[in-house]
Amino acid sequence: MSVESPSLGPGAATSAPRPGRTASRPAPRLPGLDGLRAAAIVAVLAFHLDPRWLPGGFLGVDVFFVISGFLITTLLVREHAREGRVDLRGFWVRRARRLLPALLVLVPSVILMARLVEGDLLVGIRRQAVGALTFTSNWLEIGAGSDYFHSTAPQLLMNLWSLAVEEQFYLVWPVVALLLLRVAPSSRARAGVAVALALGSAILMATRYDPALGATRVYYGTDTHLMGLMLGAGLAFAWAAPHRAWTSSAHWQRWRRQVVGAAAVVLVALFALLDESTPFTFRGGILVASLATTVLVLAVVERPSPLRSVLDLPVLRWIGQRSYGLYLWHWPVILIVEADLAWAQRSSDDYLWSRVWCVLVTVAVADLSYRFVESPVRRRGFRGTARHALRTIRYAGTRTARIVWATVAVLAVALTAVLFTAPTRTQVEQLLDANAAAARVAPTAAASASPSGASPRGTAAPSPVPSSTSAAKAAATVKQTWTMPTGAEIDGYGDSMMVGSVHALRYYFPGIRMDARSNRQWSEGLQVVSKRGAGTRRAVVLALGTNAGTDVDRARATLDALGPDRMVVLVTLHGRISRIASDNAALRDLAKGRDNVAVADWDAALEDTTGQLQSDGMHPSLTGAHLYARTIRQAFADLSERHTGKAVQLKELPVP
């Protein structure tokens, strides 16, 4: 995403450059804002390294939005006050100078590196590249049905959605701001318009958010995620009021310290506590984070203070100045490093060292980008930089020039070839498709012979939580011996984790009947279990909710529908998602007090292991699928021993 330079804009001046000059003079620097940018990029980086470390770290993007809205609008207001006009062309040229150079280096570089490391990272790359270079990533990904928070195929350029939102703001807002400067009677009225737009965007996000459909539409949408930019703009209009008398009011001066302290506490708390599975995040949480950031921006720019002194420390200024490059590079670097290194689980030292390596690489590349790409173009402009580069190549000698141009030509051809040969589906998706197709064969016949005659594949439509009466009707009593069940006595209901383990489950439980589908949620699981009713076998595996989490009400209703006489195994979830711990805790709580229910702790089974997961870090690999099946088998054995008092001797099966 776009972040500003130490001045009022990323290399932007308060006025258009004079004819014949290649760069504009820097605007007065506002101390402390670089420190806020540093805090924002650290939060985003921590979230993307591992969401468990800072579940609400993605709110750092909204901190950037507020700062950008404030700085851009301040530039426009000051230029209009000084010149009586706003040079829109000069403004957009300065935006291009700030945003395009690093982006034009990033896109081809990470595409070529990804091709060398892992071809799966290039799925959808043509669409992503077009979105990156046209600043339409957010809308293209919405149209493609992408999911920011949950994805089987992590997108190489996923983080550029916010850059698209900002660039769309840069294109439209200067015209709107200029109109307000001409027709609105006062700074208060202009600020009121900006605040009204912020509230309208927040209301639109809240009303359009549907937990069942996911948050990507409202999170990516420019219309639904405009509140931070508009609050920053509103502050800029208010800040530009004559003499800023309102900041000298007795009420503000009396409560300033408490309000600023509360804003800082609220923002830190939101970083630590909010996550993408909490509806409040999209129904007010992002707005609250933006409001808190607005207060902090005001506190920083208003006057010297301890907060400003801390945020203006050299290390924070250094990070803040490079925050644009850090944001651009961090996500592709994380994906490429993960693909390049053998996957390690969270609890292993290898995993932690891989996170450290991601940070070091990101910082190094961002610093190089800042020194040798971004700063030169800001100083010299596009033409001046191109002339300087051509002159340097020419004076380096004929041989060097030939090597440089040959390298450029080879990389251009390679990039074109990579773009046109990029895969359309990842290996994980192909495996899931193949397994899903294989899983449809045997269960169809089994289902037709079942007493219920129910289809083994449920629909995706959510079902209401049944009443206790309907659940009792669905829970037909079965003859239960509590002995270790055979595969022919087991029904499995699951999501893509079960789909990815089809062959291993059949290997360990010959004759198992599975009804599994990618992205299946507990609402659909409840529906298919209730639909099969009395035809459900005496032992059941429930492995649901990887994408949407544990829906406690529907999970409880599902257990009620199965009744107390069936052996039921709940499989815990695993993934780099902040809610996994709470989801698994909910599953364990559901099992408490139910003697017929055991937990297969798939998440714990993966601790201190390597090679058990696919490249996405979520779905089981070939060997991981066998670990998945063994974990379920052990849970059934523990459940049998709980009731019979006899230990079950499990035969060790070789991995084929």
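Residues numbered from 1 in each chain as written. Predicted model: local features only at pLDDT ≥ 70, side-chain atom pairs only at ≥ 80, totals over all residues. Heavy atoms only, no water.

### Side note on the sheet that holds strand 1 (residues 490-494)
Next, step 1: The strand order across the open sheet built from 5 strands is 2-1-3-4-5, with neighbouring strands paired in parallel fashion. Where the open sheet ends on each side, the last strands, each with one partner, are strand 2 (513-516) and strand 5 (597-600). Averaged over all adjacent pairs, the angle separating strand axes in this sheet is 15 degrees, with direction ignored. (Pairing = 2+ DSSP bridges. Helix = DSSP H or I, 4+ residues; strand = E, 2+ residues; numbered from the N terminus. Axes fitted to C-alpha atoms, helices over the stretch in contact; angles between N-to-C directions.)

### Digging into the pairing of strand 4 (residues 567-571)
Next, step 1: Of all 5 residues in strand 4, 5 are buried; the element is thus mostly enclosed.
Next, step 2: By the alternation rule, side chains of strand 4 split into Met567, Val569 and Val571 and Val568 and Leu570, which are all buried.
Next, step 3: Sheet topology note: the strand 3 (residues 539-543)/strand 4 ladder contains 4 bridges and is parallel. Paired with leucine 542 across the strands is leucine 570, a residue of strand 4.
Next, step 4: Handedness of the crossover joining strand 3 and strand 4 through helix 23 (residues 552-562): right-handed.
Next, step 5: When strand 4 meets strand 5, the two strands line up parallel, connected through 4 bridges. Looking at the pairing, leucine 570 lines up with valine 599 of strand 5.
Next, step 6: For the crossover that starts at strand 4, traverses helix 24 (residues 580-591) and ends in the parallel strand 5, the hand is right-handed. (Buried < 20%, exposed > 50% of the residue type's maximum accessible area, 1.4 Å probe, protein only. Right-handed = clockwise from strand over helix to strand, strands pointing away.)

### Regarding unusual backbone geometry
Next, step 1: Phi is positive for phenylalanine 135, close to 55 degrees, though the residue is something other than glycine.
Next, step 2: Tracing the backbone shows phenylalanine 135 in the loop between helix 4 (125-134) and helix 5 (137-144).
Next, step 3: Unusually for a residue other than glycine, tryptophan 482 sits at a positive phi of about 65 degrees.

### A closer look at the packing of aromatic side chains
Next, step 1: Inspection of every chain in the model, using the stated rule, returns 14 aromatic pairs.
Next, step 2: Centroid distance phenylalanine 47 to phenylalanine 58: 5.2 Å. Interplanar angle 65 degrees. Geometry classified as edge-to-face. Of this pair, phenylalanine 47 sits in helix 1 (residues 33-49) while phenylalanine 58 sits in the loop between helix 1 and helix 2 (60-83); the two residues are 11 residues apart in sequence, bridging distant segments of the chain. The residues phenylalanine 47 and phenylalanine 58 share a single accessibility class, namely buried.
Next, step 3: Measuring from centroid to centroid gives 5.4 Å for tyrosine 507 and tyrosine 508, while their planes differ by 90 degrees, and the two rings are edge-to-face.
Next, step 4: Here the aromatic cluster, defined as three or more aromatic residues joined through ring pairs, consists of Phe47, Phe58, Phe65, Trp161, Tyr209, Tyr219, Tyr220 and Phe282.
Next, step 5: One cation-aromatic arrangement involves arginine 95 over tyrosine 170; the distance from NZ or CZ to the ring centre is 5.1 Å. (Phe/Tyr/Trp six-rings, centres within 6.5 Å; stacked < 30°, edge-to-face > 60°. Lys NZ or Arg CZ within 6 Å of the ring centre and 35° of its normal.)

### Considering the environment of alanine 289
Next, step 1: Inspection of the secondary structure puts alanine 289 in helix 11 (residues 279-302).
Next, step 2: It is 9.0 Å that separates the C-alpha atoms of alanine 289 and glycine 60, two residues lying 229 residues apart in sequence.
Next, step 3: Sequence-distant contacts of alanine 289, defined by excluding residues within four places in its chain, comprise Leu59, Leu267 and Leu270. (Contact = heavy atoms within 4.5 Å.)

### Examining the packing of helix 10 (residues 250-273) against helix 11
Next, step 1: Interaxial distance between helix 10 and helix 11 falls to 9 Å at its minimum, and their mutual angle equals 135 degrees. The angle between helix 10 and helix 11 places the two elements in the oblique class. Note that helix 10 runs across helix 11; the crossing there is left-handed. Between helix 10 and helix 11, the residues in contact are Trp252, Gln253, Arg256, Val259, Val260, Ala263, Ala264, Val266, Leu267 and Leu270 and Phe280, Gly285, Val288, Ala289, Ala292, Thr293, Val295, Leu296, Leu298, Ala299 and Glu302, respectively. (Parallel < 35°, antiparallel > 145°, perpendicular 65-115°, else oblique. Left-handed = near helix turned anticlockwise from the far one by under 90°.)

### Quick word on the pattern of salt bridges
Next, step 1: Counting across every chain of the model gives 25 salt bridges.
Next, step 2: A salt bridge links glutamate 83 to arginine 82; its shortest N-O distance comes to 3.3 Å.
Next, step 3: In this structure, a network of salt bridges that share partners links the residues Asp491, Arg513, Arg532 and Arg537. (Salt bridge = Lys/Arg side-chain N within 4 Å of Asp/Glu carboxyl O.)

### Some thoughts on the environment of tyrosine 507
Next, step 1: Within the element layout of this structure, tyrosine 507 appears in helix 21 (residues 502-508).
Next, step 2: For the pair tyrosine 507 and valine 655, spaced 148 residues apart in sequence, the C-alpha to C-alpha distance is 9.4 Å.

### Re the confidence of the model for the protein chain
Next, step 1: Summary statistics for the protein chain give a mean pLDDT of 85 and a share of 86% for residues scoring 70 or more.
Next, step 2: Low pLDDT (under 50) marks residues 3-26, which in the prediction has 87 contacts with non-local residues, meaning those over four places away or in another chain. (pLDDT = per-residue confidence, 0-100.)

### Some points on the side chain of serine 137
Next, step 1: Here serine 137 is to be found in helix 5.
Next, step 2: Of the polar contacts made by the side chain of serine 137, one reaches the backbone oxygen of glycine 131; its length is 3.2 Å.
Next, step 3: Within the local environment of serine 137, its side chain forms a polar contact with the backbone nitrogen of alanine 132, the two atoms lying 3.3 Å apart.
Next, step 4: In this structure serine 137 touches Gln128, Gly131, Ala132, Leu160, Trp161 and Ala164, once residues within four positions along its chain are discounted. (Polar contact = N/O pair within 3.5 Å; in protein donor to acceptor, adjacent residues only side chain to side chain.)

### A short note on a positive patch on the surface
Next, step 1: Taken together, Arg89, Arg383, Arg387, Arg391 and Arg394 make up a surface patch of like positive charges.
Next, step 2: Considering every element that reaches the positive patch, the biggest residue donor is helix 15 (residues 349-395), with 4 residues.
Next, step 3: Mapping arginine 89 onto the fold places it in helix 3 (residues 88-117).
Next, step 4: A residue is classified by how much of its surface remains accessible, and arginine 89, at 65% relative accessible area, is exposed. (Patch = residues over 30% accessible without salt bridge, like charges linked within 9 Å, V, L, I, M, F, W, Y side chains within 5 Å. Areas by Shrake-Rupley, 256 points an atom, 1.4 Å probe, with all protein chains shown as cover. Lys, Arg positive; Asp, Glu negative; His and termini not counted. Charge placed at Lys NZ, Arg CZ, Asp CG, Glu CD.)

### Let's talk about the packing of helix 4 against helix 5
The packing of two helices is summarised by the inter-axis angle and the distance between the axes.
Next, step 1: At a minimum axis separation of 8 Å, helix 4 and helix 5 run at an interaxial angle of 150 degrees. In terms of orientation, helix 4 and helix 5 fall into the roughly antiparallel class. Mapping the contact onto sequence places Arg127, Gln128, Val130, Gly131 and Ala132 in helix 4 and Ser137, Leu140, Glu141 and Ala144 in helix 5.
Next, step 2: Tallied by class, the residues present in the contact of helix 4 with helix 5 amount to 4 nonpolar, 3 polar and 2 charged. (Nonpolar A, V, L, I, M, F, W, Y, C, P; charged D, E, K, R; others polar.)

### Thoughts on the environment of valine 117
Next, step 1: Tracing the sequence through the fold places valine 117 in helix 3.
Next, step 2: In sequence terms valine 117 and valine 337 are 220 residues apart; their C-alpha atoms lie 8.7 Å from each other.
Next, step 3: Apart from the residues lying within four places of it in its own chain, the contact partners of valine 117 are Ile336, Ala339 and Asp340.

### As for a nonpolar patch on the surface
Next, step 1: A cluster of nonpolar side chains, namely Trp92, Leu171, Val172, Val175 and Val176, defines an oily patch on the protein surface of about 400 Å² accessible area.
Next, step 2: The leading source of residues in the nonpolar patch is helix 6 (residues 161-183), at 4 residues.
Next, step 3: Looking at where valine 176 falls in the secondary structure, it is placed in helix 6.
Next, step 4: What makes valine 176 partly exposed here is its relative accessible area of 31%.

### Some points on the nonpolar core
Next, step 1: Phe70, Leu156 and Tyr219 are the most contacted members of the largest nonpolar core, which has 115 residues in total.
Next, step 2: Every residue in contact with phenylalanine 70, bar those within four places of it in the chain, is listed here: Leu30, Leu33, Gly232, Ala233, Leu235, Ala236, Trp239, Val297 and Val301.
Next, step 3: Ranked by size, the runner-up nonpolar core spans 39 residues in total, among them Tyr508, Met567, Val569 and Leu606. (Core = buried A, V, L, I, M, F, W, Y, C linked by side-chain atoms within 4.5 Å.)

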